[in-house]
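# Breakdown of the fold
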Amino acid sequence: METWLEIDLKKLKNNFEYIREKSKSPICSVIKADSYGLGVKEIASELDKLETDSFAVAFFHEALELRRLGIEKEILVFNYIPEERLIDVEKNNLTITLYSIEQLNEYISSNLDILKNISFHIKINTGMNRLGFDEEQLDYLIEIILKNNLKIEGVYSHFAHVEDYNFSNSQNNLFLIIADKLEMKLNKTLKKHLANSVASVKYEGFYHNMIRVGMLLYGLQPLGDTINERIKCIFTWKSKITNIRKVKKGERISYGDFVVPNNMEIATIPVGYSHGYMRQLSNKAKVFILGKKYPIIGKICMDQMLVDISKMDENRRLGVEVEVLGDNITPEYLAKLSETIPDDIICKINPNIKRIIKR
Ligand SMILES: *Cc1c(COP(=O)(O)O)cnc(C)c1O
């Protein structure tokens, strides 16, 4: 095998239990986008065993996959679902998000009988302006809900800039005003949820009836914070050295016109941008081999990269294991180098790369 991803379920358990202990709240595990690119199958069944209270995904097809895997807990779908899928939503007992009057009207004009059996959570816009009802739409929304006898079970919103406590606090205040009004007018206790990973460990008081956690489960650290030692990175992306050669000062290396500044010993690693390793990291990032870091040199290719191992001791040989991402080459480090966020780094890992599960 040229490259593979190791997933450590013990570390997933550690993170889950830490979040539970810290927040003392029911947990909705967010496993959208194939568990942030890591592979949803094993991660979902482990979280199921750990007794997560519910799951959330972005799209309908992801929720169906979870039902096929035997997940029986509540699954909340965050994003748009076309009205022709409402039959399957009902059949699979999924919970879906209502976020606009237009969407609600589309559903009502399609199939009201089915609609009455579907559980909804209402999404409120508290400042992100992506999905969600605005405060001034509330009265009209309530009128439609009552008239059509819709099954509303929850209400939620989403933090837009969780690093900013004051802005988050204003979102929380608006959320509570709207959620309380909904509960009163619908004469019903609703599941209220707002906090994402960062809010769940940084700010008490935003937990309400449930927290929705994604990144922390997988061991991604909030950017700009000191590393939280209790959270463990659950994945290691590995490969091995497939070729070693000497190049002389002045020779070119890889694609393009990059010239090596000194005599070097170069290792070839069979990982490239087709595997989801970002090409922007060419000449920037490092990899980890036998306890030390070595720089990528020249342009990253479609399925290979070159690494300067001149400083490596006599252990250099073919087949030596290389970490391209994990505890030592962290997603936070690669994210900073490529001006993105750690989530983006791991979501791009090609799903065809073999996942090796460690229990
Ligand atoms: C992705 C997502 C989450 C989880 O966010 P993390 O920062 O990864 O914990 C929570 N809620 C919504 C609506 C999301 O889209």
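Rules used throughout
- Residues numbered from 1 in each chain as written.
- Predicted model: local features only at pLDDT ≥ 70, side-chain atom pairs only at ≥ 80, totals over all residues.
- Heavy atoms only, no water.
- Axes fitted to C-alpha atoms, helices over the stretch in contact; angles between N-to-C directions.
- Helix = DSSP H or I, 4+ residues; strand = E, 2+ residues; numbered from the N terminus.
- Left-handed = near helix turned anticlockwise from the far one by under 90°.
- Contact = heavy atoms within 4.5 Å.
- Nonpolar A, V, L, I, M, F, W, Y, C, P; charged D, E, K, R; others polar.
- Salt bridge = Lys/Arg side-chain N within 4 Å of Asp/Glu carboxyl O.
- Buried < 20%, exposed > 50% of the residue type's maximum accessible area, 1.4 Å probe, protein only.
- Near = heavy atom within 4 Å.
- Polar contact = N/O pair within 3.5 Å; in protein donor to acceptor, adjacent residues only side chain to side chain.
- Areas by Shrake-Rupley, 256 points an atom, 1.4 Å probe, with all protein chains shown as cover.
- Pairing = 2+ DSSP bridges.
- Expected span 1.5 Å × (residues − 1).
- Parallel < 35°, antiparallel > 145°, perpendicular 65-115°, else oblique.
- Phe/Tyr/Trp six-rings, centres within 6.5 Å; stacked < 30°, edge-to-face > 60°.
- Disulfide = S-S within 2.5 Å.

## Brief notes about the packing of helix 8 (residues 138-148) against helix 9 (residues 165-186)
- Between helix 8 and helix 9, the shortest axis-to-axis distance is 11 Å and the interhelical angle comes to 35°. In this structure, the crossing between helix 8 and helix 9 has a hand that is right-handed. Together, Leu-138, Asp-139, Ile-142, Ile-145 and Leu-146 of helix 8 and Ile-178, Lys-181, Leu-182, Lys-185 and Leu-186 of helix 9 make up the contact between the two elements.
- Class assignment of the residues belonging to the contact of helix 8 with helix 9 gives a composition of 7 nonpolar, no polar and 3 charged.

## Overview of the pattern of salt bridges
- Under the definition given, this model contains 19 salt bridges.
- The salt bridge involving Lys-181 is made with Asp-139; its shortest N-O contact spans 3.2 Å. With Lys-181 in helix 9 and Asp-139 in helix 8, the pair connects residues that are 42 residues apart, well separated along the chain.
- Under the relative-accessibility criterion, Lys-181 is labelled partly exposed at 29%.
- Across the salt bridge formed by Lys-238 and Glu-321, the nearest N and O atoms sit 3.1 Å from each other.

## Quick word on the site of the ligand
- The immediate surroundings of the ligand are formed by Val-30, Lys-32, Tyr-36, Phe-78, His-158, Asn-196, Ser-197, Arg-212, Val-213, Gly-214 and Met-215.
- Within the side chain of Ser-197, an N or O atom sits 2.5 Å from an oxygen atom of the ligand.
- In the complex, the protein chains occlude 91% of the 390 Å² of accessible area that the ligand would expose alone.
- For the shell around the ligand, the elements supplying multiple residues, two or more each, are helix 2 (32-36) and strand 9 (211-213).
- Considering only residue class, the shell around the ligand consists of 5 nonpolar, 4 polar and 2 charged.

## Some points on the sheet that holds strand 12 (residues 264-269)
- Spatial strand order, 11-12-15: 3 strands in an open sheet with antiparallel pairing. Each of the sheet's edge strands pairs with one partner strand only, and the pair in question is strand 11 (243-247) and strand 15 (305-308). Within the sheet, the average angular offset between the axes of one strand and its neighbour, ignoring direction, is 30°.
- Here strand 12 pairs with strand 15 via 4 bridges, running antiparallel. Within strand 15, the position partnered with Ala-267 by the bridge is Val-307.

## Considerations on helix 1 (residues 9-23)
- Its 15 residues place the ends of helix 1 21 Å apart at the C-alpha level, agreeing with the 21 Å of an ideal helix rising 1.5 Å per residue.
- Of all the positions in helix 1, only Leu-9, Leu-12, Asn-15, Phe-16, Tyr-18, Ile-19 and Ser-23 are classed as buried.
- Between the side-chain oxygen at the start of helix 1 and the backbone nitrogen of Lys-10 there is a gap of 2.9 Å, and the oxygen is on Asp-8.
- Positive backbone phi, at 50°, marks Lys-24, one or two positions downstream of helix 1.

## Let's talk about the packing of helix 1 against helix 3 (residues 40-49)
- Contact geometry for helix 1 and helix 3: axes closest at 10 Å, N-to-C directions at 45°. Judged by the inter-axis angle, helix 1 sits oblique to helix 3. For the pair helix 1 and helix 3, the sense of crossing is right-handed. Residue-level contacts link Leu-9, Leu-12, Lys-13 and Phe-16 of helix 1 to Glu-42, Ile-43, Glu-46 and Leu-47 of helix 3.
- Of the residues belonging to the contact of helix 1 with helix 3, the class tally is 5 nonpolar, no polar and 3 charged.

## What about the packing of aromatic side chains?
- Enumeration over the complete set of coordinates arrives at 7 aromatic pairs.
- Measuring from centroid to centroid gives 5.9 Å for Phe-78 and Tyr-156, while their planes differ by 45°, and the two rings are tilted. Taken together, the residues span a long stretch of sequence, with Phe-78 in the loop between strand 4 (74-77) and helix 5 (86-91) and Tyr-156 in strand 7 (residues 151-156) at a distance of 78 residues. Of the two residues examined, Phe-78 and Tyr-156, each falls in the buried class.

## What about the state of the cysteines?
- Tallied over the entire structure, the rule returns 0 disulfides.
- A disulfide-free cysteine, Cys-28 has its sulfur positioned 17 Å from the sulfur of Cys-347, the nearest such atom.
- On the basis of relative accessibility, which here comes to 38%, the residue Cys-347 falls in the partly exposed class.

## Concerning the sheet that holds strand 16 (residues 321-325)
- An order of 14-13-16-10-1-17 is seen for the 6 strands of this open sheet, with the pairing classed as mixed. The open sheet has two edge strands with one neighbour each: strand 14 (292-295) and strand 17 (354-358). Pairs of neighbouring strands in the sheet enclose a mean axial angle of 35°, with direction left out of account.
- Relative to strand 14, strand 13 (residues 286-289) is paired through 4 bridges, and the arrangement is antiparallel.

All we've got here are geometric facts, nothing functional implied.
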